[in-house]
Amino acid sequence: MEQEVKKSKGKSILIAMLAALVIMGGIGYYVFFQMPSKTVAVAEPSAEELDKVTVETEEITTNLADQSFIKIKFRIQADTEDAKAELEKRLFQVNNIIIYELSGMKTGDLQGQKGINHLEGTLKGKVSKLMQEGKIKRVYTIEKIIQ
């Protein structure tokens, strides 16, 4: 008789544990798959806002490391209007950085989205280091021809 009581206690504990696991699994499923996610959308700046903080480089034509040449032009977005004013004064330094970076690259380095993205990221970092009044938020390639 004592053995039957122990068996029924063991079954009760097992059933309670299984029920708890099922309930926890249901809650986990709801939280992970059903709850609406609260992602914050970052609004893109308006055209007017961008115009206030971007500077366009001149078209730059230079040789690449593999003796081909490139014509390229950028629009550089600063983080403030003061930074834009400084960037305009530093355009000769920006052009120097662009030419320097391109001179070490080959045609293959600039192919596709990955190549352009890499160049834009490199320029963003190097031009930001020049800045005293702010930082560069983004570099846009607006013209590119390689021959």
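Here's what I pulled together on the structure shown here. Bear in mind the structure is a predicted one, so any value in this text is a computation, not a measurement.

Observations concerning helix α5 (residues 112-130)
Then, in step 1: The end-to-end C-alpha separation of α5 is 28 Å, in line with the 27 Å expected for 19 residues at 1.5 Å each.
Then, in step 2: Those residues of α5 that fall on the buried side of the exposure criterion are G115, L119, E120, T122, L123, V127 and S128.

Regarding the pattern of salt bridges
Then, in step 1: Evaluated as defined, the whole model comprises 5 salt bridges.
Then, in step 2: The partner of R75 in a salt bridge is D51, and the shortest N-O contact between them spans 3.4 Å. Of this pair, R75 sits in strand β3 (residues 69-78) while D51 sits in helix α2 (residues 47-53); the two residues are 24 residues apart in sequence, bridging distant segments of the chain.
Then, in step 3: Overall, D51 belongs to the partly exposed group, its relative accessible area being 47%.
Then, in step 4: If you follow the salt bridges from partner to partner, you end up with D51, E56, K73 and R75 in one network.

A few points about the pairing of strand β2 (residues 60-63)
Then, in step 1: Here β2 shows a clear split, with I60 and T62 buried on one side and none of T61 and N63 buried on the other.
Then, in step 2: Of the strand pairs in this sheet, β2 and β3 are connected by 4 bridges, and their pairing is antiparallel. Its bridge partner lying in β3, T61 is registered against K71.
Then, in step 3: Hairpin connection between β2 and β3: a loop of 5 residues separates the two successive antiparallel strands, and Q67 in this loop has a positive phi of roughly 70°.

So, how was this worked out
- Residues numbered from 1 in each chain as written.
- Predicted model: local features only at pLDDT ≥ 70, side-chain atom pairs only at ≥ 80, totals over all residues.
- Heavy atoms only, no water.
- Helix = DSSP H or I, 4+ residues; strand = E, 2+ residues; numbered from the N terminus.
- Expected span 1.5 Å × (residues − 1).
- Buried < 20%, exposed > 50% of the residue type's maximum accessible area, 1.4 Å probe, protein only.
- Salt bridge = Lys/Arg side-chain N within 4 Å of Asp/Glu carboxyl O.
- Pairing = 2+ DSSP bridges.

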